[in-house]
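Coordinate analysis (summary)
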Amino acid sequence: MNNFMFKTLIERKLIDLNSEAGKAYQKIKASLEVAIREKKSKVIGFISVNHNEGKSTALLNIANSFASIGKKVLVIDADNKGASLHLYFALPNEKGLSDIILHDANVDECIVSTGQNFDLITSGKEVEYTDSISGSDKISKLLDELKEKYDLIFVNVAPTKSSNDAVLLAHVIEGFVLVIKRKSTKSTDLDDALKYLTLNQKVNLIGFIATNAKSK
C-alpha cells in the first residue's frame with residue numbers, strides 16, 4: 001500500500017495557501033494527487049477515529065488546494081450526526097445528502113457554492129440511523145452522476161469509533177484518508193480502527209494526516 005503521511009496545523013477555518021500551514025496542505029495535495037492518479041480515483045473519503053480530530057478542517061483545506069489549481073471539486077458531508085462543514089461557510093443545512101437519499105430531493109438544488117472555488121452538499125436533516133444513508137443503493141447512483149460533473153469528490157465520513165459508515169461506503173469511495181490528532185488520538189483506539197478498516201478488504205486506505213502538529 002503506497003500511502004502517505006503528513007503533519008499539518010489544525011485550524012478552524014480555511015487557511016491562506018501561501019502560509020506555513022497552507023504550504024503543508026499543498027504538500028499533502030501533491031502526495032494525494034499521486035495516489036489519485038495511480039488509482040484513477042475521483043471519490044476520496046476522509047475519516048477519523050473520533051470527532052474533533054481535525055478531519056473536517058483537513059478535508060476542506062485540501063479541497064481548496066485542489067480547487068486553486070483549477071480542479072472542479074465537490075465536497076459532500078456524509079457525517080450526519082457530526083455535520084459541521086456548512087458551519088465553515090455560514091450556510092444552512094436544511095437540505096442535503098440525507099434529503100437526496102431518503103426523500104429524493106433534487107440534487108442540483110442541494111449543491112451550494114462555498115465561495116471558495118468548490119461546491120458543497122451538506123449533510124441534510126439529521127436521521128436516527130445513518131446506515132439508512134450510507135447503506136443505501138442510491139449512493140452509488142448519486143456518485144456516478146456527480147463524477148460526470150466534477151474532477152474530484154471529497155466525502156466527509158463519520159468517525160470509525162461511532163459508526164460503521166466507512167465500511168458501508170467503501171464500495172463507492174475509491175480511497176480513504178485517515179486523520180489523526182497528534183497527542184489526542186489514543187494509540188489503542190487507532191490500532192482498533194486500523195484493524196477494523198484493514199479487515200474489510202473493500203476499504204482502500206491510501207494515507208494518513210496528523211493534525212495539531214506544532215510549527216517549526
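Going by the structure above, here's the rest.
My aim in this report is to walk through the structure given alongside it, one point at a time. (Residues numbered from 1 in each chain as written. Predicted model: local features only at pLDDT ≥ 70, side-chain atom pairs only at ≥ 80, totals over all residues. Heavy atoms only, no water.)

Let's talk about empty space enclosed by the protein
- Inspection of the entire model under this criterion finds two cavities of 30 Å³ or more.
- Taken as a whole, the largest cavity spans an internal volume of roughly 80 Å³.
- Taken together, Ile 76, Ala 78, Leu 97, Ile 139, Leu 142, Leu 143, Val 155, Leu 169, Val 172 and Ile 173 form the lining of the largest cavity.
- Considering each element in turn, the lining of the largest cavity owes the most residues, three residues, to helix α6 (residues 138-147).
- Here the lining of the largest cavity is composed, by residue class, of 10 nonpolar, no polar and no charged.
- In this model, the second largest cavity occupies a volume close to 60 Å³.
- In this structure, the second largest cavity is lined by Asp 77, Ala 78, Asn 80, Leu 97, Ser 98, Ser 123, Thr 130, Ile 133, Ser 134, Asp 165 and Leu 169.
- Of all elements in the fold, only α3 (97-103), α5 (131-134) and α7 (165-169) reach the threshold of two or more residues within the lining of the second largest cavity.
- Of the residues in the lining of the second largest cavity, the class split is four nonpolar, five polar and two charged. (1 Å grid on protein atoms, 1.4 Å probe; cavity = no way out; pocket = protein on both sides within 12 Å on 5 of 7 lines; lining within 4 Å. Points joined across faces, edges and corners; volume = space filled by probe spheres on them. Helix = DSSP H or I, 4+ residues; strand = E, 2+ residues; numbered from the N terminus. Nonpolar A, V, L, I, M, F, W, Y, C, P; charged D, E, K, R; others polar.)

Overview of the pairing of strand β2 (residues 43-48)
- Counting buried residues along β2, six of its six residues qualify, which places the element largely inside the surrounding structure.
- Neither face of β2 is left uncovered, since the one carrying Val 43, Gly 45 and Ile 47 and the one carrying Ile 44, Phe 46 and Ser 48 both have all their residues buried.
- By the bridge criterion, four bridges tie β2 to strand β6 (residues 152-156) in an arrangement that is parallel. Within β6, the residue paired with Val 43 across the bridge is Ile 153.
- Sheet topology note: the β2/strand β7 (residues 175-181) ladder contains five bridges and is parallel. From the neighbouring strand, Ile 44 faces β7, where its bridge partner is Gly 175. (Buried < 20%, exposed > 50% of the residue type's maximum accessible area, 1.4 Å probe, protein only. Pairing = 2+ DSSP bridges.)

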